[in-house]
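Reading the structure
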Amino acid sequence: MRRRFLLLGVLAVAALAGCDRASNAPSFRATDVTGAEFGRELELTDFNGQRRKLTDFRGKAVVVFFGYTHCPDVCPTTLSELASAVKKLGPAGDKVQVLFVTADPERDTPEVLKLYVSAFNPGFLGLRGTPEETARVAKEFKVILQKNPGGDPNNYTVDHSSGTYIYDTSGKLRLYAGYGQGADVFTHDIGELLKAAKT
């Protein structure tokens, strides 16, 4: 009987410890995709001509967004929200790296990309590749890219998936934020990942 009470006591303590761990787990507002089998690799060239991989940014929360500089609404809105979120994070914002992957490498030259992306935040980086590299990365991230011809060869639009991918400081994909969730969602969730990295 005494052993039975002892066993019940041990199980109760273990259950309470489990509840405590659960309560300390980050509470995200975006979609938790921890363990996803996509978005594992990214290798492109930044607007300074430097080859970049996700592993280059270990120790920072990394945010990846696909778009293009001629994008009329989704891209500037998302980049503005991310810039606002980084600012709201204060000093912790230095631990965030936003990577804007162009879906339009034909028009988005390094110079154009740098001018556009840096206007939102000087620390943001624009990445580009050949059309083949861009297609490969888009496939890895399950991003849809569709070029829509316009009136002349240089006047076209690019339909693209509008979600944002967020990695923790160890380089693991953790979150997917759909378009239009707002700066507060980015601020909260990135803040949670940075806090978790300290524990």
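For clarity, every value in this text was computed on a predicted model and none was experimentally measured.

About the cut-offs
Residues numbered from 1 in each chain as written. Predicted model: local features only at pLDDT ≥ 70, side-chain atom pairs only at ≥ 80, totals over all residues. Heavy atoms only, no water. Helix = DSSP H or I, 4+ residues; strand = E, 2+ residues; numbered from the N terminus. Contact = heavy atoms within 4.5 Å. Areas by Shrake-Rupley, 256 points an atom, 1.4 Å probe, with all protein chains shown as cover. Pairing = 2+ DSSP bridges. Phe/Tyr/Trp six-rings, centres within 6.5 Å; stacked < 30°, edge-to-face > 60°. Buried < 20%, exposed > 50% of the residue type's maximum accessible area, 1.4 Å probe, protein only. Core = buried A, V, L, I, M, F, W, Y, C linked by side-chain atoms within 4.5 Å. Salt bridge = Lys/Arg side-chain N within 4 Å of Asp/Glu carboxyl O. pLDDT = per-residue confidence, 0-100. Arc of directions from axis to C-beta.

Quick notes on the overall build of the protein
Within the protein one finds 5 helices and 10 strands. In the protein, the proportion of contacts linking residues at least 24 apart, taken out of those at least 6 apart, comes to 72%. Accessible surface for the protein amounts to roughly 11000 Å². Of this, 55% is attributable to carbon and sulfur atoms.

Some words on the sheet that holds strand S3 (residues 51-53)
Where strands meet in a sheet, backbone hydrogen bonds hold them as pairs that are either parallel or antiparallel. Ordered in space as S1-S10-S9-S4-S5-S6-S2-S3, the 8 strands form an open sheet in which the pairing is mixed. Either end of the sheet is taken by a strand with one partner, and the two such strands are strand S1 (31-32) and S3. Pairing of strand S4 (residues 61-67) with strand S9 (residues 164-167) involves 4 bridges; the strand directions are antiparallel. Note that in S9 the partner of Val63 across the bridge is Ile166.

With respect to the packing of aromatic side chains
When we look at a pair of aromatic rings, we describe it by the centre distance and by the angle of the planes. Within the structure shown, the criterion is met by 8 aromatic pairs. With centroids separated by 5.9 Å and ring planes inclined at 45°, the aromatic side chains of Phe100 and Tyr116 adopt a geometry described as tilted. Separated by 16 residues along the polypeptide, Phe100 in strand S5 (residues 96-102) and Tyr116 in helix H3 (residues 110-120) bring together distant segments of the chain. You'll find Phe100 and Tyr116 in the same group, each marked buried.

Digging into the nonpolar core
Judged by nonpolar contacts, the single largest core of 54 residues is most densely connected at Leu42, Val64, Leu99, Phe141, Tyr165 and Ile190. Of the residues forming this core, the biggest block, 7 residues, is contributed by helix H2 (residues 74-88). Residues within four places of Phe141 in sequence aside, it is in contact with Phe38, Gly39, Glu41, Leu42, Val64, Phe66, Tyr165 and Tyr167.

Some words on the pattern of salt bridges
If the charged atoms of two oppositely charged side chains come close together, the side chains can form a pair. This model, assessed by the stated rule, comprises 10 salt bridges. Ionic pairing is found between Asp46 and Arg52, a salt bridge with its closest N-O pair at 2.9 Å. Per residue, the accessibility class of Asp46 equals that of Arg52, and both read buried. Salt-bridge contacts for Lys195 lead to Glu192; the nearest nitrogen and oxygen are separated by 2.9 Å. Remark: Glu192 and Lys195 occur in helix H5 (residues 183-198); sequence separation between them is 3 residues, near one turn of the helix. When its relative accessible area of 14% is taken as the criterion, Glu192 is described as buried. By sharing partners, the salt bridges in this structure join Glu37, Arg40 and Glu140 into a single network.

Describing the confidence of the model for the protein
The pLDDT averaged across the protein works out to 89; a share of 88% of its residues lies at or above 70. Predicted confidence is poor over residues 1-22, with pLDDT under 50, and the contacts of this stretch with residues over four places away or in other chains come to 0 contacts.

Remarks on helix H4 (residues 131-140)
Taken as a whole, H4 has its buried residues at Glu133, Thr134, Val137 and Ala138. For H4, the buried positions fall inside an angular range of 135° around the axis, keeping them on one side. Those residues of H4 that are exposed and aimed more than 90 degrees away from the buried face are Glu132, Arg136 and Lys139. Taken together, the buried residues of H4 touch strand S2 (43-46), S3, S4, S5 and strand S7 (145-148). Downstream of H4 by a residue or two, Lys142 has a phi angle that is positive, lying close to 55°.

Side note on the environment of Lys53
For Lys53, the position within the fold is in strand S3. Given the relative accessible area of 41%, Lys53 is considered partly exposed. As a C-alpha pair, Lys53 and Glu41 span 12 residues in sequence and 7.5 Å in three-dimensional space. Discounting chain neighbours no more than four positions away, the residues touching Lys53 are Leu42 and Glu43.

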